[in-house]
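Notes for the structure review
Here is what each chain is made of, one letter per residue.
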Amino acid sequence: MFIIKCPYCGERDHSEFSYGGEAHLVRPKQPTELSDDQWAEYLFMRKNIKGLQYERWNHSHGCRRWFNAARDTSNDKIHSVYKIGEKPNK
Amino acid sequence: MTSKYRLSSGGQINRSESISFKFNGKTFYGYKGDTLASALLANGIHLVGRSFKYHRPRGILTSGVEEPNALVQIIKDKGKTDPNLRATQIEIYEGLNATSQNSWPSVNFDLGSINNLFSPIIPAGFYYKTFMWPASLWKNVYEYFIRKAAGLGKSPTKKDPDIYDHCYYHCEVLIVGAGPAGLVAAKTALKAGKKVLLVDERPNFGGNLNFSNKDYNKINELDPLEWIKKTCLELQKNKNIKLLSRTSVAAYHNYNYLIMMQNLTDHLPDKDKKEKIRQRLWKVRAKKVILATGSIERPMIFDCNDRPGIMLSSAVRKYANTYGVKCGNNISIFTNNDDAYETAITLHNKGVKVKSVIDIREKSDGTLTNKCRELGIKIYWKSAVIYTEGYKKITKIHVMRLSKDNTNVVGNKLKIDCDLLCVSGGYTPAVHLFTQSGGKLDYNEKKHYFFPKKNTLSQISVGSCNGTFGLKKIILEAQEKTREFLSISETEQFNVLEPEGGVFENIWLIPSNKISGKTKSFVDYQNDSTANDIKLALREGFKSIEHVKRYTTTGMATDQGKIANMHALGIVSEITNTKLGELGTTTFRPPYSPITFGALVGRNVGQFFDITRKTPIHDWHEKNNAKFEDVGQWKRAWYYPKDKENMYDAVQRESKAARECAGILDASTLGKIDIQGRDASEFLNRVYTNAWSKLAIGKCRYGLMLNEDGMVYDDGVTTRLSENHYVMTTTTGGAATVMGKLEDFLQTEWPELKVYLTTVTDHFATVSVCGPHSKKILEKVTQNIDYSDTSFPHMSFTNGLIDKIKCRVMRISFTGELSYEINVQANYGQSVWEKCMAAGKEFGITPYGTEAMHLLRAEKGFIIVGQETDGTVTPVDLQMDWIVSKKKYDFIGKRSLYRSDTMREDRKQYVGLLTNDPKEILEEGAQIVAEVKNKPPMNMIGHVTSSYYSPNLKKSIALAVVKNGKKLKGKKLYVPMQNKTIEVIVSDTIFLDKEGKRLNA
Ligand SMILES: [Zn+2]
């Protein structure tokens, strides 16, 4: 039910977007050198925060661009949106 | 045609327009403006249904959305009916035909009421405790009994012929509820020039003010009705406001997104309904929301408080003032507040006998109580109704004095005759929408209600839904809060006359002179749960209010506890000695009141329910008798039966022809992604398991794509068109998700790669011709292509011309035969197909569908992603180690192939199965065991993924995944079926042409 502000297009209904899970997980540069545990940490483990969470969104029925959002999962308020590679505004 | 209980004058009904309607098969008359409930009451009918569990007679309790008893079914044409409607909300029209829904076999003679005699055996949790074991009784006994006895309405059996609509709406201010608070808020908001939407679920605006006593309530010297009329006219003249009546807000979601259902034709005579939209679903985005949803009167909870003829005091007042209906001739009132006295005075002034008022309070000095005394109405202070007599209608009440602390009754029992008991337990703010929107509540310990505390949305609550009572306070608050909310400086003067009120007192559960457990004090009328049920639940250890609710089903009926919730909470709080504020409330969930499926679906029915994708060659398939298979949204030709062929015969014929002469398949649905850019090869290296850098221009390669967890995700052939230009094919169903995944990696993980992806699935039509004669056919169809094996070998591509049309021809094969795929611009698809058919005629070219394609590839042991794989299968499990590059440093999913779990030896692995009897065809999905037992359970070690009778091998073949399958080759396994066990031998997955000679035939 949200309204999400795509950093490229502006405010749009949430039905234009798809959710992409936790943001700022960096794919390891050298996966083969990781232990099973380290790889599992990257592959499976997610924080699932109650409160402010940084997450990925895709404007899938719009410009198709990925971006990040800082959302409070307790009330779904989106505090900021920012492009991939950028840092969130505090 | 005046009915017995119709007052001689008054009300907002049109007495010149008489309307006939049917209730339970009998014809009655009412007036235009009546609800079904008011018209029935005018005819002296209270009994409208039977209760859910005990099948006790139940009457109309309320006058609005909160009605728990008067649920009716509206019968339309055969097979067309609307269940679960509240008689208190249905506006009568000529031709209305309603029946009680909760009675069987009839309201007056109800077999189910036998439950009532055995009521001690149906306590809280009865269903959980009783209908558990043996499971075999479920099908024929329990379910039948429950369904029959439950009587929650019948669903229609025919397709809904009505038209429904959806509408999106944006406004600056949405005001929910057009009672006095909502009207004042709207007037105020318009002063700021805001775009306002004002909605109310009732046919008329004005709310409860519509039936306030005009002697005691005035606004700016005007009678309530005059003020409402004047205000509405004023609003209607303003262009900035949109007014919607008969519009109920079903859901209030985050970000001020509200779903509302507007009733457009339900109140019209049948002849005027035709061709019109029945209901409209509004999807509203509001910058700001003002909730003015009012409050709901509570009943009183005492022994046998559920008899027909016991009604809410405000409802009785509404029936008298709005509909000119008296609900009884000999009336008693049971109250804990002053508001009920307004009902007493109203009835008295209309010539109806008010015999007594029973008030739990010591005294009250309000305007209305004093007036009642003046009128000589007998008031029993500090007293309570403790029991009622009567069966299908109340006949007597028993009254006793309350002890000082209200926990007991004392003194002599007084019996008073009556045919109507008005009950008033005070008002509960309607905070449903507020809490739906995420708002938190606070509890007022003095006034005994929950009220809105805080909300993060741009929203306010005004009036009685905010816990503000009294007309004056309501109006002033509505203006003040709206002004502040919208930053408006102007104010309007309101002179409000209202009765001076006494203090409200509260007892959740009226004490009884009977021993505990012998009373039937109903808390939830619709679900038939009593105060004793709640006590039992607490005794059995249920502490959380959410658990008590589920165990007793209190508040879980279609009225969603509008009547029951507060008392249930109050009783739990008293027994457990917990403060109500700490106990909290149960969750109010959408919809606030029931909503039709028709409105939810709107116009998205039939062919508009989902998109259908058709290939450019679809018309040809249709003309040539193809049967179609749904693959995602695509319609794919499945098989082409000739004459009287069944599916099996057609597939056998098509499969044989493809290997012996030539077959032609429409492969246009395969996903196609155009990949360009400096780093295209590097990108493919990272997304496929095999290496791509060395693929020569003009060559094709099969690729397998994994998820990061190492499981097979998609597959397909990719062709290198030029140095930095590839075209990738994906599975039909995977096209969109593969594209999404590739974009994701490009944008977020590897932004440094210069690669551009474009979906071109719909841009090309793909005609695949296979079989020993395919080369000869292609030679006839295309003009400038050299088909010699040296210049156009297997797994390569060339550009060509068909007449003047450019085409790409790939020599690739999914059947194991010599095979070519022609790709042309989509709109030439059908003509190229027809050219191939004409050119192939002399060679016996045969169109084949997806089923034959599946069979042909199964003969070759080629996998289908989604059939042989299910998201838990690695390439190693598929015995496709050859396609996993050991040299590449990394690709999506590589690391996961070396996890301890993916390296397990006993994973399910891909194998072939052959049956002893070559005619025995295994069932796809059948389980495989190593050891057969007399009966289940048996240890299942795998399952059949594909199975066919091969016309080319003349035996049945199957593919399967089996634990440790790689090591089981030649071993005997079993497939236990319902009435036999089939022996199978584990085989290689390639059944035909292991050497691949046919590719160059
Ligand atoms: Zn966008």
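In this report, the structure presented in the accompanying data block is examined. (Residues numbered from 1 in each chain as written. Chains lettered and ligands numbered in written order. Predicted model: local features only at pLDDT ≥ 70, side-chain atom pairs only at ≥ 80, totals over all residues. Heavy atoms only, no water.)

1. Comments concerning the overall build of chain A
Of regular secondary structure, chain A possesses 1 helix and 6 strands. Mapped in sequence order, the helices and strands of chain A form the string β-β-β-α-β-β-β. For chain A, the spread of C-alpha atoms along the three principal axes comes to 45 × 30 × 25 Å. When each of the 90 residues of chain A is scored for burial, the buried share is 36%. A fraction of 48% describes how many contacts in chain A between residues 6 or more apart in sequence connect residues 24 or more apart. Between the centroid of the 15 positive side chains of chain A and the centroid of its 12 negative side chains there is a distance of 6 Å. (Helix = DSSP H or I, 4+ residues; strand = E, 2+ residues; numbered from the N terminus. Buried < 20%, exposed > 50% of the residue type's maximum accessible area, 1.4 Å probe, protein only. Contact = heavy atoms within 4.5 Å. Lys, Arg positive; Asp, Glu negative; His and termini not counted. Charge placed at Lys NZ, Arg CZ, Asp CG, Glu CD.)

2. Here's the deal with the overall build of chain B
Of the regular secondary structure elements, chain B holds 24 helices and 49 strands. Structurally, chain B occupies a C-alpha span of about 115 × 70 × 55 Å along its principal axes. Out of the 1001 residues belonging to chain B, those deemed buried represent 58%. Considering only contacts within chain B whose residues lie at least 6 apart along the sequence, 66% involve residues at least 24 apart.

3. Concerning a positive patch on the surface
Taken together, the side chains of A:Lys50, B:Lys440, B:Lys453 and B:Lys454 make up a positively charged region of the molecular surface. Its place among the elements puts B:Lys454 in strand β26 (residues 449-454). (Patch = residues over 30% accessible without salt bridge, like charges linked within 9 Å, V, L, I, M, F, W, Y side chains within 5 Å. Areas by Shrake-Rupley, 256 points an atom, 1.4 Å probe, with all protein chains shown as cover. Salt bridge = Lys/Arg side-chain N within 4 Å of Asp/Glu carboxyl O.)

4. Here we look at the interface of chain A and chain B
Listed per partner, the contact involves 28 residues of chain A and 27 residues of chain B. Summing both partners gives a buried area of about 2400 Å² for chain A against chain B, and 48% of it is carried by carbon and sulfur. Here chain A and chain B share 5 salt bridges between them. Residue A:Arg56 pairs with B:Asp744 through a salt bridge whose shortest N-O separation is 2.7 Å. At the boundary of chain A and chain B, one finds 20 residue pairs in polar contact (both at pLDDT 80 or more). Of all the elements in the fold, those that place two or more residues in the side of chain A that touches chain B are α1 (36-43) and β6 (77-83) of chain A. Broken down by element, the residue count for the side of chain A that touches chain B peaks at 4 residues, all from α1(A). Looking at the side of chain A that touches chain B, its residues break down into 13 nonpolar, 5 polar and 10 charged. (Buried area = accessible area lost by both parts, 1.4 Å probe. Polar contact = N/O pair within 3.5 Å; in protein donor to acceptor, adjacent residues only side chain to side chain. Nonpolar A, V, L, I, M, F, W, Y, C, P; charged D, E, K, R; others polar.)

5. Description of the packing of aromatic side chains
For the coordinates displayed, the defined rule picks out 25 aromatic pairs over all chains. Ring plane angle 20 degrees and centroid distance 6.4 Å describe the contact between B:Tyr341 and B:Trp381, whose orientation is recorded as stacked. Taken together, the positions of B:Tyr341 in helix α9 (residues 339-349) and B:Trp381 in the loop between β19 (378-380) and β20 (383-390) put the pair 40 residues apart, joining distant regions of the chain. By relative accessible area, B:Trp381 is classed as buried at 17%. Aromatic ring contacts, followed pair by pair, group A:Phe2, A:Tyr19, A:Trp57 and B:Tyr255 into a single cluster. (Phe/Tyr/Trp six-rings, centres within 6.5 Å; stacked < 30°, edge-to-face > 60°.)

6. As for the pattern of salt bridges
Any two side chains of opposite charge can pair, given that their charged atoms come close. All names here are of chain B. Under the definition given, this model contains 61 salt bridges over all chains. Here Arg56 ties to Asp306 by a salt bridge, and the two come within 2.6 Å at their closest N and O atoms. Of this pair, Arg56 sits in the loop between β3 (47-50) and β4 (57-59) while Asp306 sits in the loop between β15 (295-297) and β16 (310-312), and the two are 250 residues apart along the sequence. According to the relative accessible area criterion, Arg56 is buried, its value standing at 7%. Among the salt bridges present, the one from Asp270 reaches Lys273, with a minimum N-O distance of 3.2 Å.

7. Concerning the pairing of strand β49 (residues 981-987) of chain B
Residues and elements named next belong to chain B. Sheet analysis places strand β44 (residues 908-915) next to β49, joined by 4 bridges and oriented antiparallel. Bridging from a neighbouring strand, Leu913 pairs with Val986 of β49. Examined bridge by bridge, strand β48 (residues 972-976) and β49 share 5 bridges and lie antiparallel to one another. Residue pairing across strands places Lys972 opposite Ile985, the latter belonging to β49. The loop that links β48 with its antiparallel partner β49 comprises 4 residues. (Pairing = 2+ DSSP bridges.)

8. What about a nonpolar patch on the surface?
Residues and elements named next belong to chain B. Among the surface-exposed residues, Phe597, Leu600, Val601 and Val605 lie close enough to one another that they form a single nonpolar patch of about 380 Å² accessible area. Mapped onto the secondary structure, Val601 falls in helix α17 (residues 597-601). A relative accessible area of 31% means that Val601 is categorised as partly exposed.

9. A look at the sheet that holds strand β38 (residues 756-759) of chain B
All names here are of chain B. Here we have 5 strands laid out as an open sheet, ordered β35-β36-β37-β34-β38, and antiparallel in their pairing. Lying at the two open borders of the sheet, with one neighbouring strand each, are β35 (700-706) and β38. With direction set aside, neighbouring strand axes in the sheet form an average angle of 25 degrees. Packed onto the sheet, helix α21 (residues 735-749) meets β34 (671-676), β35, β36 (712-722), β37 (725-730) and β38 and runs at close to 165 degrees relative to β38. (Axes fitted to C-alpha atoms, helices over the stretch in contact; angles between N-to-C directions.)

10. Here we look at unusual backbone geometry
With omega at -5 degrees, the peptide bond leading from B:Pro590 into B:Pro591 counts as cis. Among the secondary structure elements, B:Pro591 is positioned in the loop between α16 (580-583) and α17. One non-glycine residue with positive phi stands out, namely A:His24, at about 65 degrees. Residue placement: A:His24 occurs in the loop between β3 (18-22) and α1.

11. Considering the coordination of the zinc ion
Residue and element names in this part refer to chain A. The protein atoms that coordinate the zinc ion are Cys6 (SG), Cys9 (SG), His59 (ND1) and Cys63 (SG), at distances spanning 2.0 to 2.3 Å. The site at the zinc ion holds 4 donor atoms, and with the angles between them running 106 to 115 degrees, its shape is tetrahedral. You can call Cys6 buried: its relative accessible area is 2%. Overall, Cys63 belongs to the partly exposed group, its relative accessible area being 30%. (Donors = N, O, S within 2.8 Å, 3.2 Å for Na, K, Ca; no water. Tetrahedral: all angles 85-135°; square planar, octahedral: opposite > 155°, others 65-115°.)

12. Examining the packing of helix α5 (residues 180-191) of chain B against helix α12 (residues 471-486) of chain B
Residues and elements named next belong to chain B. Their axes nearest at 8 Å, the elements α5 and α12 cross at an angle of 30 degrees. Where α5 crosses over α12, the two elements pack in a sense that is right-handed. Facing α5, whose interface residues are Pro180, Ala181, Val184, Ala185, Thr188, Ala189 and Lys191, α12 presents Leu471, Ile474, Ile475, Ala478, Gln479, Thr482, Arg483 and Leu486. Of the residues in the contact of α5 with α12, the class split is 10 nonpolar, 3 polar and 2 charged. (Left-handed = near helix turned anticlockwise from the far one by under 90°.)

13. Focus on the environment of B:Glu682
Relative to the helices and strands, B:Glu682 is located in helix α20 (residues 680-687). B:Glu682 sits 73 residues away from B:Val755 along the chain, and the two C-alpha atoms are 9.4 Å apart.

14. Regarding the side chain of B:Thr850
All names here are of chain B. When you line up the elements, Thr850 lands in helix α24 (residues 850-859). A relative accessible area of 2% means that Thr850 is categorised as buried. In this structure Thr850 touches Glu629, Arg636, Ala637, Trp638 and Leu665, once residues within four positions along its chain are discounted.

15. Brief notes about α9(B)
Residues and elements named next belong to chain B. In terms of burial, α9 is a largely internal element, 8 of the 11 residues being buried. Those residues of α9 lying buried are Ala340, Tyr341, Glu342, Thr343, Ala344, Ile345, Thr346 and Leu347. In this fold, the buried residues of α9 make contact with α8 (313-323), β17 (330-335), β18 (353-359), α10 (367-375), β19 and β23 (420-424). Two residues or fewer past α9, Gly351 is found with a positive phi of approximately 85 degrees.

16. Considering the environment of B:Gly844
Note on placement: B:Gly844 falls in the loop between α23 (829-840) and β43 (845-847). Along the chain, B:Gly844 and B:Thr718 lie 126 residues apart, while their C-alpha atoms are 30 Å from each other.

17. Structural notes on the sheet that holds β23(B)
Residue and element names in this part refer to chain B. Spatial strand order, β16-β23-β17-β18-β19: 5 strands in an open sheet with parallel pairing. Of all strands in the sheet, those with a lone pairing partner are β16 and β19, marking the two edges. Neighbour to neighbour, the strand axes of the sheet diverge by 25 degrees on average, direction disregarded. Note: β18 against β19, 3 bridges, orientation parallel.

18. Quick notes on the nonpolar core
All names here are of chain B. By size, the foremost hydrophobic cluster in this structure holds 123 residues, and its most contacted members are Leu36, Leu174, Tyr319 and Phe334. Setting aside chain neighbours within four positions, we find Leu174 in contact with Leu197, Val199, Leu258, Val284, Ala286, Lys288, Val289 and Ile290. Core analysis: the next-biggest nonpolar cluster, separate from the first, contains 33 residues, Leu190, Leu198, Leu209 and Ala292 among them. (Core = buried A, V, L, I, M, F, W, Y, C linked by side-chain atoms within 4.5 Å.)

19. Observations concerning α8(B)
Residues and elements named next belong to chain B. Of all the 11 residues making up α8, 11 are buried; the element is thus mostly covered by neighbouring parts of the structure. Taken as a whole, α8 has its buried residues at Ser313, Ser314, Ala315, Val316, Arg317, Lys318, Tyr319, Ala320, Asn321, Thr322 and Tyr323. Looking at the buried positions of α8, the neighbouring elements they touch are α1 (36-42), β15, β16, α9, β23 and β24 (427-429). Gly324 occupies a position one or two residues after α8 and carries a positive phi of about 60 degrees.

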